[in-house]
Amino acid sequence: KNEVEQSPQNLTAQEGEFITINCSYSVGISALHWLQQHPGGGIVSLFMLSSGKKKHGRLIATINIQEKHSSLHITASHPRDSAVYICAAGGGGNQFYFGTGTSLTVIP
Amino acid sequence: NAGVTQTPKFQVLKTGQSMTLQCAQDMNHNSMYWYRQDPGMGLRLIYYSASEGTTDKGEVPNGYNVSRLNKREFSLRLESAAPSQTSVYFCASSVQGGASTEAFFGQGTRLTVV
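Each value, and the rule that gives it
- Residues numbered from 1 in each chain as written.
- Chains lettered and ligands numbered in written order.
- Predicted model: local features only at pLDDT ≥ 70, side-chain atom pairs only at ≥ 80, totals over all residues.
- Heavy atoms only, no water.
- Pairing = 2+ DSSP bridges.
- Helix = DSSP H or I, 4+ residues; strand = E, 2+ residues; numbered from the N terminus.
- Axes fitted to C-alpha atoms, helices over the stretch in contact; angles between N-to-C directions.
- Phe/Tyr/Trp six-rings, centres within 6.5 Å; stacked < 30°, edge-to-face > 60°.
- Core = buried A, V, L, I, M, F, W, Y, C linked by side-chain atoms within 4.5 Å.
- Buried < 20%, exposed > 50% of the residue type's maximum accessible area, 1.4 Å probe, protein only.
- Contact = heavy atoms within 4.5 Å.
- Salt bridge = Lys/Arg side-chain N within 4 Å of Asp/Glu carboxyl O.

Draft legend 1. Layout of the sheet that holds strand β8 (residues 74–78) of chain B. Residues and elements named next belong to chain B. With antiparallel pairing, four strands are arranged side by side in an open sheet as β1-β3-β8-β7. Each edge of the open sheet is held by one strand with a lone partner, namely β1 (4–7) and β7 (64–68). Across the sheet, the mean angle separating the axes of adjacent strands is 15 degrees when strand polarity is ignored. In the sheet, strand β3 (residues 19–25) pairs with β8 via three bridges, with the strands oriented antiparallel. If you follow T20 over to β8, its bridge partner there is R77.

Draft legend 2. Inspection of the packing of aromatic side chains at higher detail. Applying the stated criterion across every chain yields a total of six aromatic pairs over all chains. Between Y64(B) and Y89(B), the aromatic rings sit 5.9 Å apart at their centres with planes inclined by 65 degrees, giving edge-to-face as the arrangement. Of this pair, Y64(B) sits in strand β7 while Y89(B) is found in strand β9 (residues 87–94), placing the two residues 25 residues apart along the sequence. An aromatic cluster of at least three residues, connected via ring pairs, comprises F96(A), F98(A), Y33(B), Y35(B), Y48(B) and F105(B).

Draft legend 3. Spotlight on the nonpolar core. Residues and elements named next belong to chain A. If you look at the biggest cluster of nonpolar residues, it comprises 22 residues, and the most contacted ones within it are I19, L32, W34, F47, L49, L72 and Y85. Broken down by secondary-structure element, the contributors of at least two residues to this core are β3 (19–25), β4 (31–37), β5 (43–49), β7 (59–64), β8 (69–74), β9 (83–90) and β11 (102–107). In this view, L72 contacts I19, T20, I21, W34, L46, F47, I60, A61 and Y85; residues no more than four positions away in its chain are not counted.

Draft legend 4. A look at the pattern of salt bridges. Across all of its chains, the model carries four salt bridges over all chains by this definition. Between D81(A) and R58(A) there is a salt bridge; the shortest N-O distance is 2.8 Å. In this pair, D81(A) is assigned in the loop between β8 and β9 and R58(A) in the loop between β6 (52–56) and β7, connecting sequence segments 23 residues apart. The salt bridge involving D38(B) is made with R44(B); its shortest N-O contact spans 2.8 Å. Given a relative accessible area of 10%, D38(B) falls into the buried group. Owing to a relative accessible area of 18%, R44(B) belongs among the buried residues under this scheme. A cluster of three or more residues bridged by salt bridges with shared partners is formed by R36(B), D38(B) and R44(B).

Following this line, the structure appears as structure tokens:
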């Protein structure tokens, strides 16, 4: 049983396309995190949100608490956006529930 | 801006060998974590330390030990490595414990046990 489900698992897009990655979770959360992992590299926190929407540059994260669903949008995608995007639901205490990630490839 | 630094980046061990993965953060964070990442699975918590001098087991602690040497450093030790411990290991830290605080991750250690 996975507490956090992401879709799609893999995504290929043309440069400039609008991209959406979805995350559904089944646990009660204190916050929802979006992380980015580049090939061979570390993991970087993109967003932490508990309600509404956050925007940083071309990235937008939204969350619907009632539906237990979050989305990560990338506008005007670029090859440098190619990475694995990980959704993590922050439960009680120190408990994080991680999704398995969405592998994004943006083709020039 | 060092953030979270892990060493080594790569390591190959023979079954039964021991090793220690080092992690240090320079952000004055209280909480530190060790995760492993395996193909097709999300990150899984091995151990965490809510503050200097305290450590707690996570989801997959068997075969590992940890030491919170001081506020900056949190090491992970494999006493007798097994092929099942082949994985990518990530250290992370946050200002305080709790999943509603932002976590900062290291670059990862790719460990292969043969």
